[in-house]
Amino acid sequence: MGLTLANETEKDPNDPVRISFTCPPELYEDWIAEKIATLKDYDPGFYVMEANTQMGTLYQLHTTQKHLEHADFKKFMFQVKMRLGQDVKIR
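Here goes a summary of the coordinates provided. Numbering of residues starts from 1 in each chain and follows the order in which that chain's sequence is written. It should be noted that, the model being predicted, local features are given only for residues of pLDDT at least 70 and side-chain atom pairs only at 80 or more, the latter also being counted only at that level, while totals for whole chains, interfaces and linings use all residues. Where side-chain values are given, they derive from all heavy atoms of the structure, hydrogens and water being excluded.

### A few points about the overall build of the chain
- In terms of helices and strands, the chain carries three helices and four strands.
- Helix and strand assignments come from DSSP, with helices taken as H or I runs of at least 4 residues and strands as E runs of at least 2, each series counted from the N terminus. Secondary structure elements of the chain, listed N to C terminal, follow the sequence β-α-β-β-α-α-β.
- Contact between two residues is taken to exist if any of their heavy atoms lie within 4.5 Å; hydrogens are not considered. Within the chain, counting contacts between residues at least 6 apart in sequence, those at least 24 apart form 69% of the total.

### Some words on the pairing of strand β3 (residues 56–64)
- For every residue, the accessible area obtained with a 1.4 Å probe (protein chains only) is divided by the maximum for its type, and the residue is called buried under 20%, exposed over 50%, and partly exposed between those limits. In terms of burial, β3 is a largely internal element, eight of the nine residues being buried.
- One ladder, built from seven bridges, connects strand β2 (residues 47–53) with β3; its direction is antiparallel. Paired with E50 across the strands is Y59, a residue of β3.
- Note: two strands are recorded as paired if DSSP finds a minimum of 2 bridges between them. Counted between consecutive antiparallel strands, the loop separating β2 from β3 contains two residues.

Function-wise, these values are silent; they only describe arrangement.
Structure representation (structure tokens):
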């Protein structure tokens, strides 16, 4: 007769996720465009918004939680952190 509640930290695989990072103009490399193309091939619902700012190009990648767990996404976020020297914001 007990009531079971779902773990609140558990995420639904279909939850939307937005990944944000800024690439300064002096650090822009073609690998960003190549990696984004790879991610688009993996996730048909994936899309990218790019905006030029004073700090550089702001990228906002939109996907779902289940795709975020894929090795290509994890590798991309690690490369952004290492090459651009900043954390990726995930919302």
